[in-house]
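Working through the structure, step by step
One letter stands for each residue in the lines below.
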Amino acid sequence: HQVMGVYNRDLVEPMAEVKDFYGCILMNASIELRGSDDLAISVAREFKNKLYSYFKQQATALGAEEPNMLAEQLVLLYDGCSAWIVMRRKFPASTFNTLDILLRSAV
């Protein structure tokens, strides 16, 4: 059976081709402003917390045995994919295979 529908490669893979893609702007702001109490850091943290919560909600709906762990893994894949693109200027070929493995092993 297919897990969580169809992955839309056409939506995400082209990001690697965008010349001015510098990764997650929230992660970048957090790195640049680390150690400060700048509002951007709390906004970035709030977004990442909401992303985790969204993934956890989806993991729960999927029937994941450990929705917290799957949500954490999905955030890591999300952030890691972005960092890979920045460092290598190409979409990581293993992304969708990794996603499939994570989702299938979670239920």
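Residues numbered from 1 in each chain as written. Predicted model: local features only at pLDDT ≥ 70, side-chain atom pairs only at ≥ 80, totals over all residues. Heavy atoms only, no water.

Of all hydrophobic cores here, the largest spans 19 residues; its most connected members are F55, L70, L74, I85, F91 and L99. Looking at this core, the elements that each hand over two or more residues are helix 3 (39–62), helix 4 (67–88) and helix 5 (95–106). The greatest single-element share of this core, amounting to 7 residues, is contributed by helix 4. When near neighbours in sequence (up to four residues on either side) are disregarded, L70 contacts A59, L62, A64, L102, L103 and A106. (Core = buried A, V, L, I, M, F, W, Y, C linked by side-chain atoms within 4.5 Å. Buried < 20%, exposed > 50% of the residue type's maximum accessible area, 1.4 Å probe, protein only. Helix = DSSP H or I, 4+ residues; strand = E, 2+ residues; numbered from the N terminus. Contact = heavy atoms within 4.5 Å.)

What follows deals with the packing of aromatic side chains. Under the definition given, this model contains 3 aromatic pairs. Centroid distance F55 to Y78: 6.5 Å. Interplanar angle 70°. Geometry classified as edge-to-face. One end of the pair, F55, is in helix 3; the other, Y78, is in helix 4, with 23 residues separating them in the sequence. Exposure remark for F55: the relative accessible area of 16% places this residue in the buried category. Ring centres of F91 and F96 lie 5.8 Å apart, and the angle between their planes is 25°; this geometry places the pair in the stacked category. Both residues of the pair, F91 and F96, count as buried. Following the ring pairs from residue to residue traces out a cluster consisting of Y54, F55 and Y78. (Phe/Tyr/Trp six-rings, centres within 6.5 Å; stacked < 30°, edge-to-face > 60°.)

For the rest of this paragraph, the subject is the side chain of S82. Inspection of the secondary structure puts S82 in helix 4. Using a relative accessible area of 12% as the deciding quantity, one classes S82 as buried. For S82, the contacting residues outside a window of four places in its chain are F21, G23 and C24.

Our focus in this paragraph is the packing of helix 2 (residues 25–32) against helix 3. At a minimum axis separation of 9 Å, helix 2 and helix 3 run at an interaxial angle of 140°. Between helix 2 and helix 3, the crossing angle belongs to the class labelled oblique. Seen from above, helix 2 lies across helix 3 with left-handed handedness. From helix 2, L26, M27, A29 and S30 reach across to helix 3, where they touch A40, I41, A44, F47 and K48. Here the contact of helix 2 with helix 3 is built from residues that sort into 7 nonpolar, 1 polar and 1 charged. (Axes fitted to C-alpha atoms, helices over the stretch in contact; angles between N-to-C directions. Parallel < 35°, antiparallel > 145°, perpendicular 65-115°, else oblique. Left-handed = near helix turned anticlockwise from the far one by under 90°. Nonpolar A, V, L, I, M, F, W, Y, C, P; charged D, E, K, R; others polar.)

Let us now look at the confidence of the model for the chain. Reading predicted coordinates in detail is not appropriate for stretches of low pLDDT. With 93% of its residues at a pLDDT of 70 or more, the chain has an overall mean of 88. Low pLDDT, under 50, characterises residues 1–6; the stretch is placed with 8 contacts to residues that sit more than four places away or in other chains. (pLDDT = per-residue confidence, 0-100.)

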